[in-house]
Amino acid sequence: MIAHPVPSPTAAARHWFLARSDLDSLIDALQATGRRVIGPTVRDGAIVYDEIQSAAELPAGLRDEQSAGIYRLVARTDGRVFGYTVGPTPWKRFTFPPELAITTAHRTGVVDFEQPPIEVPQLAFLGVRACEIAALGMQDRVFLGGQFTDEDFRARRKAALIVAVQCTTSSSTCFCSSMGTGPEVRAGFDVLMTEIDEGFVIEAGSPAGAAIVAQLPTRRPTHAETGAAADSVEAVRTEIGELLPIAGIDERLKHQLDNPRWGVVAERCVECGSCTMSCPTCFCTSVTEHSDMEGRVSTTERLWDSCFDVAFAKVAGGDFRARPRDRYRQWLTHKFSSWMDQFGTFGCVGCGRCITWCPVHIDVREELLAIAPVIKPVERPVAVEPVAASPGDYSIARLASVREETEDTTTLSLADLDPAFLMGRPGQFVMVALPAFPAVPISISRFRSNGIDLTIRAVGPTSIALVNLHPGAKVGIRGPLGTFWPIEDAYGRHAVVVAGGVGLSPLRGLVEALVANRDRFESVSLYYGARTPDDRLFRSDLAAWAASGLIDVAVTVDRAGPEWKGRVGVVTNLFDMLSCDCSKIAAFVVGPERMMQASVQSLISKGVTPDRICVSMERHMECGIGLCGHCQTGPFFVCKDGPVFHLSELGDMYVREGI
Amino acid sequence: MDEHAEVIALLNHTWFGSDLAPETQQRLASLGTLADFAPDEVILEEGEDTREMGILISGRLALRTLVPGRGPVTILSVEPGDIFGWSAVFANASAQSTVVAAEASRALVIDGAKLREALKQDHALAASLYPRVLAAVARRLRATRFQLLDLFAR
């Protein structure tokens, strides 16, 4: 990284004031160092960076109006020379030229490759903004921060003298404050200027800068002048506001590689590359060969390129990014995700050039918010503080009765509980422990007035031990834990409950609540699938619900003998042909994950939105209170952030392999 | 005509038959006849030539296959609106399973040979019917794959 040390201790004061009428003295001083001054000037209706000879060439009395795909210059009411934001040309064209000869090759009997000498123009950059300084710093990381370096860049960077300018205005396309790169310049400059009505408050940021400032006809600024300078910078920060929830966006984008929005934005994108050309940090290049007719002497030239180019990722065997959506995804995920992995920083400084100069008005901020929004956790009230809420603590309950539901599933009714257990809500679970057996999470299948039911499938040592207990036995329990079914989501809607196998257990309490409050719902339906007729849970409840006339109950099994006259087939067949207005459905789904996924896909295909679909997830749990780490799924602990989730919370993580 | 009007009205209540163009519904109605089946009545035997395709109007049919040592196993039920005997759209096809009425059922039964001839002659009918038959078979295939996974097994 190029260092810009703190101001020389010989400087009499930190700030100075330069009158507007004396601005040419700055340009003269810069030129006196043997440098050409590159500054803002108007060309073809835009403020670009080009060589200037005097202050008269600065864009006095002009400001820019920018929005997606729109740029125009309008007159200011004052004569300020830096009263604009950024134009189409980034400073990188001077540190990382669009065209650069990098090799001369000869084939005259022998073959040799010769690197041309580095010819570095001596330049002073006048009018560098905070975001642009950040961009130069990012280019330092790319070209100088790794194993392989670009010495041409190093030389150009070292030779450039930076005269930075504080932003005193902003455009609607600016989002530097969201990216942490502005609007205030804090470091990375040789001279810093803040324009106020009367002139410029300036300070030096390096010995070279101090030497420049020492030549200027300055005076100490008044308190009012330094105050005006500080206020104008602060006003810009307020004006820009915080637009993007940028924290964590690199991780969120990693989970959105299949988001259909890529295709939507790609249909608009014309792949002109304006965004990459105007971007101050994009650094992709290609090489081209210029040869004499005999191929004896050739020059390799490095040119700016763009990952939007249709052939950018092409190889002899094919094209790795053949589709426009692939190329757009590459650009956006590189800038806001992969850069972080590669260089430890985002590849965007929030200058807004890619927004302004996109001919089809694509706004990268909108795309980011659409593709990788912040998933706000659904706020739900905690039903009750769990009992025995530390990893080693359990409350004792007595086994009141045991009922075999199926060959491998048994319901234990517990009594003599701490009353807090009775305050739980359907969807919650308890950790159940027996001495010498690891505790296991079991859904509460019913809340009684004097106890709770746990419906347990015997699949492991603890569950096998539990289902073999006899009435009177004591067990340790901790809970009620986790989130519960948000029954209020279904008020005024079609409540659809989809259960598979033992998945009916955590849903039984919900169904009972739906039936008990039937008048609050447009309709209530239960779709239940089991392996065989003998594997159906809660058969008497199923019959009673169906007989009540308050709920439509449809049951299917995967296979059956000839004595079974009911439905045979998968549970999704039961609601494949729904005739209600599916946009008014609130769905609650539990079962094997693959079954839940198929059910959810079927519901979504019918128009049920993810924020109206709740699932209960099963994960390995050993504490139930978010301290053992086993049940993590992305950012969530299933035990305490779930097990009931809205599908919209889970987003791309739902049933993604390996999460 | 009265029978066709009744059939068309019944077809409109099935996912297979609703949304068909009126002339297609008319054509189907003219090709088929309403048939009633008693509980446990065998409609088609596995392996038998599929001579008819049916659209179930009411009731339920069980598709069964014989598993040596286990006896007949019901692998799928056909619910109102769905089809059975779909292979009748092909000549020389045989039934993939035994079709039994699980309860009293009514169906629109269409002669396979007449159907195939009509599909050959009437391209509009073919354009309407083949996609629906394909959708019904695809739905069945997808469901079968899930059943194959035996997701509820321990």
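This is a predicted model, so every value here is computed, not measured.

Draft legend 1. View of the overall build of chain A. Along its length, chain A carries 19 helices and 30 strands. Looking at chain A as a whole, 44% of its 659 residues are labelled buried. For chain A, the proportion of contacts with a sequence separation of at least 24, taken over those separated by at least 6, is 72%.

Draft legend 2. Region of the structure containing unusual backbone geometry. Residue A:Gly182 is joined to A:Pro183 through a cis peptide bond whose omega torsion reads 5°. You can see A:Pro183 is positioned in the loop between α5 (176-179) and β10 (191-195). You will see that A:His361, though not glycine, has its phi angle at about 65°, which is positive. Relative to the elements of secondary structure, A:His361 occurs in the loop between α12 (353-356) and α13 (364-371). For B:Asn92, which is not glycine, the phi dihedral falls at a positive 60°. Turning to its location among the elements, B:Asn92 is positioned in the loop between β6 (83-84) and β7 (98-101).

Draft legend 3. Focus on the sheet that holds strand β13 (residues 297-304) of chain A. Residue and element names in this part refer to chain A. On the basis of which strands lie adjacent, the open sheet formed by 4 strands has the order β7-β6-β13-β12 and antiparallel pairing. The strands lining the two open edges of the sheet, one partner per strand, are β7 (110-114) and β12 (285-291). Sheet twist, expressed as the average angle between the axes of neighbouring strands with direction ignored, equals 20°. In terms of strand pairing, strand β6 (residues 99-108) meets β13 through 7 bridges, oriented antiparallel. In the strand pairing of β13, Leu-100 is matched with Arg-302.

Draft legend 4. Looking closely at the sheet that holds strand β2 (residues 42-44) of chain B. All names here are of chain B. One open sheet holds the 4 strands; their spatial order is β2-β7-β4-β5, and the pairing between them is antiparallel. Two strands close off the open sheet at either side, each with one partner strand: β2 and β5 (71-78). Strand-to-strand twist of the sheet, defined as the mean angle between neighbouring strand axes without regard to direction, takes the value 35°. By the bridge criterion, 7 bridges tie strand β4 (residues 61-67) to β5 in an arrangement that is antiparallel. Bridge assignment links Ala-62 to a residue of β5, and that residue is Ser-77.

Draft legend 5. The arrangement of the packing of helix α9 (residues 261-268) of chain A against helix α11 (residues 324-343) of chain A in detail. Residue and element names in this part refer to chain A. The interhelical angle for the contact between α9 and α11, taken along N-to-C directions, is 105°, at an axis separation of 8 Å. Considering the angle they form, α9 stands roughly perpendicular to α11. Residues Trp-262, Gly-263, Val-265 and Ala-266 of α9 form the contact with α11, whose participating residues are Pro-324, Arg-325, Tyr-328 and Arg-329. Along the lines of polarity and charge, the residues of the contact of α9 with α11 split into 5 nonpolar, 1 polar and 2 charged.

Criteria and thresholds
Residues numbered from 1 in each chain as written. Chains lettered and ligands numbered in written order. Predicted model: local features only at pLDDT ≥ 70, side-chain atom pairs only at ≥ 80, totals over all residues. Helix = DSSP H or I, 4+ residues; strand = E, 2+ residues; numbered from the N terminus. Buried ≥ 20, exposed ≤ 12 C-beta atoms within 10 Å, placed from the backbone. Contact = placed C-beta atoms within 7 Å. Pairing = 2+ DSSP bridges. Axes fitted to C-alpha atoms, helices over the stretch in contact; angles between N-to-C directions. Parallel < 35°, antiparallel > 145°, perpendicular 65-115°, else oblique. Nonpolar A, V, L, I, M, F, W, Y, C, P; charged D, E, K, R; others polar.

The analysis is restricted to geometry; functional conclusions fall outside its scope.
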